[in-house]
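# Chains, contacts and geometry: an overview
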Amino acid sequence: GGSYKFIVRGLNSINASTDPLLIVDGQTVNNLDFLNPKDIKSVEVLKDASASIYGSRGACGVILITTK
């Protein structure tokens with residue numbers, strides 16, 4: 001029962017959030033508390049140049065989740 005916490009690019013910011021961008025089925029979400037783990041089909045983690053397609057929002061990494 002707790003919330004998820006992801007760190008993709010390390011703890012390198014004092015003032016800004018280091019949380020990655022979360023995308024579930026193409027929609028940006030703030031947390032994954034609503035998601036049942038049994039409904040997850042695939043998880044993909046993007047960092048560095050592959051996350052650049054999301055611009056500054058993907059600076060701390062991107063987690064792409066596809067559900068069944």
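As a reminder, the structure under discussion sits directly above these lines.
Overview of the structure. (Residues numbered from 1 in each chain as written. Predicted model: local features only at pLDDT ≥ 70, side-chain atom pairs only at ≥ 80, totals over all residues. Heavy atoms only, no water.)

Taken together, four strands build an open sheet; the order of strands is β2-β1-β4-β3 and the sheet is mixed. At either end of the open sheet lies a strand with only one pairing partner, and these are β2 (27–29) and β3 (40–46). For this sheet, the mean inter-axis angle between neighbouring strands, taken without regard to orientation, is 25 degrees. Direction of pairing for strand β1 (residues 21–24) relative to β2: antiparallel, over a ladder of three bridges. Bridge pairing links I23 to T28 in β2. (Pairing = 2+ DSSP bridges. Helix = DSSP H or I, 4+ residues; strand = E, 2+ residues; numbered from the N terminus. Axes fitted to C-alpha atoms, helices over the stretch in contact; angles between N-to-C directions.)

Here the focus is the pairing of strand β4 (residues 62–67). With five of six residues buried, β4 lies mostly within the body of the structure. Bridge analysis of β1 against β4 gives four bridges, and the strand direction is parallel. Counted as the bridge partner of V24 is I65 from β4. Sheet topology note: the β3/β4 ladder contains six bridges and is antiparallel. Note on β4: the bridge partner recorded for V45 is I63. (Buried < 20%, exposed > 50% of the residue type's maximum accessible area, 1.4 Å probe, protein only.)

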